[in-house]
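For reference, the chains in residue letters:
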Amino acid sequence: MEFWSTNSRIDTVHAAVLTVMLGHLDTWIAERRAIAAEFSAALRDVVGVPTEAPGCVHTYQTFMITAERRPALLQHLRGRGIDAKVHYAITIPQQDAARSLGHRPEDFPIATWLAERIVSLPLYAEMTPAQRTAVIEGVRSFYRP
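These remarks concern the structure in this document. (Residues numbered from 1 in each chain as written. Predicted model: local features only at pLDDT ≥ 70, side-chain atom pairs only at ≥ 80, totals over all residues. Heavy atoms only, no water.)

**Describing unusual backbone geometry**
Right, on to step 1. In the Ramachandran plot, Arg69 falls in the positive-phi region, its phi being about 60 degrees despite a non-glycine side chain.
Right, on to step 2. Locating Arg69 in the fold gives a position in the loop between strand 1 (63-66) and helix 3 (70-79).
Right, on to step 3. The phi angle at Tyr88 is positive, at roughly 60 degrees, despite the residue not being glycine.
Right, on to step 4. Inspection of the secondary structure puts Tyr88 in the loop between helix 3 and helix 4 (109-115).
Right, on to step 5. Judged by relative accessible area, Tyr88 falls into the exposed class, the value being 55%. (Helix = DSSP H or I, 4+ residues; strand = E, 2+ residues; numbered from the N terminus. Buried < 20%, exposed > 50% of the residue type's maximum accessible area, 1.4 Å probe, protein only.)

**Topic: the environment of Leu74**
Right, on to step 1. Mapped onto the fold, Leu74 is located in helix 3.
Right, on to step 2. Placed 39 residues apart in sequence, Leu74 and Trp113 show a C-alpha to C-alpha distance of 17 Å.

**Looking at the packing of helix 3 against helix 5 (residues 129-143)**
Right, on to step 1. For the pair helix 3 and helix 5, the least separation of the axes is 10 Å and the interaxial angle reads 130 degrees. As judged from the angle between their axes, helix 3 and helix 5 are oblique. The chirality of how helix 3 crosses helix 5 is right-handed. Of helix 5, the residues touching helix 3 (which contributes Ala72, Leu73, His76 and Leu77) are Gly138, Val139, Ser141, Phe142 and Tyr143.
Right, on to step 2. Each residue belonging to the contact of helix 3 with helix 5 can be placed in one class, and the counts come to six nonpolar, three polar and no charged. (Axes fitted to C-alpha atoms, helices over the stretch in contact; angles between N-to-C directions. Parallel < 35°, antiparallel > 145°, perpendicular 65-115°, else oblique. Left-handed = near helix turned anticlockwise from the far one by under 90°. Contact = heavy atoms within 4.5 Å. Nonpolar A, V, L, I, M, F, W, Y, C, P; charged D, E, K, R; others polar.)

**Digging into the side chain of Ser141**
Right, on to step 1. Tracing the chain through its elements places Ser141 in helix 5.
Right, on to step 2. Assessed through its relative accessible area of 16%, Ser141 is described here as buried.
Right, on to step 3. Reaching out from Ser141, the side chain makes a polar contact with the side chain of Arg80 at a distance of 3.2 Å.
Right, on to step 4. Contacts of Ser141, omitting those with residues within four sequence positions, involve His76 and Arg80. (Polar contact = N/O pair within 3.5 Å; in protein donor to acceptor, adjacent residues only side chain to side chain.)

**Some thoughts on the pattern of salt bridges**
Right, on to step 1. In the structure shown here, the tally under the stated rule is eleven salt bridges.
Right, on to step 2. Across the pair Asp45 and Arg140 runs a salt bridge, and its minimum N-O distance is 2.6 Å. You can see Asp45 sitting in the loop between helix 2 (25-43) and strand 1 and its partner Arg140 sitting in helix 5, a full 95 residues away along the chain.
Right, on to step 3. Judged by relative accessible area, which is 55%, Asp45 ranks as exposed. (Salt bridge = Lys/Arg side-chain N within 4 Å of Asp/Glu carboxyl O.)

**Here's the deal with the packing of aromatic side chains**
Right, on to step 1. Considering all chains together, one arrives at three aromatic pairs under this definition.
Right, on to step 2. When the centroid spacing of 6.0 Å and the interplanar angle of 35 degrees are considered together, the rings of Tyr60 and Phe63 count as tilted. When sorted by exposure, Tyr60 lands in the same class as Phe63, which is buried.
Right, on to step 3. Consider the rings of Phe142 and Tyr143, whose centres lie 4.8 Å apart with planes at 90 degrees: the pair is edge-to-face. (Phe/Tyr/Trp six-rings, centres within 6.5 Å; stacked < 30°, edge-to-face > 60°.)

**Some remarks on a nonpolar patch on the surface**
Right, on to step 1. Among the surface-exposed residues, Ile10, Val13, Val17, Leu18 and Met21 lie close enough to one another that they form a single nonpolar patch of about 440 Å² accessible area.
Right, on to step 2. As for its placement among the helices and strands, Val13 is situated in helix 1 (residues 12-22). (Patch = residues over 30% accessible without salt bridge, like charges linked within 9 Å, V, L, I, M, F, W, Y side chains within 5 Å. Areas by Shrake-Rupley, 256 points an atom, 1.4 Å probe, with all protein chains shown as cover.)

Put into structure tokens, the structure is as follows:
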């Protein structure tokens, strides 16, 4: 049986670790934002890149591009050792817990379009310049004529 639920429990050991990690959060977010800016500038002419709404600050927990020919791009990137992923490949209305709502993919055309094209590129605060270049070059080399 599928149903909606939440789980918001955390044990004391994880709470203690997270308390220490919170002291680093602003630095990590700033570094992720810098890497995201680098990726966006280098890739916006070949794939769709995330944008920020005015007054909003993106933390880039994921860096998702919209890409044509996603399966082939994923294979290309993985062949180069780049661990690209597909997150959110199924829209919420298509998930088992939501089936009783009776929606069809065409009821949410933008979400469906995105679910067919999004690719999460690796992005983390400790990425080296060489790793950043490898991700950028991996994507760009796939779309080169």
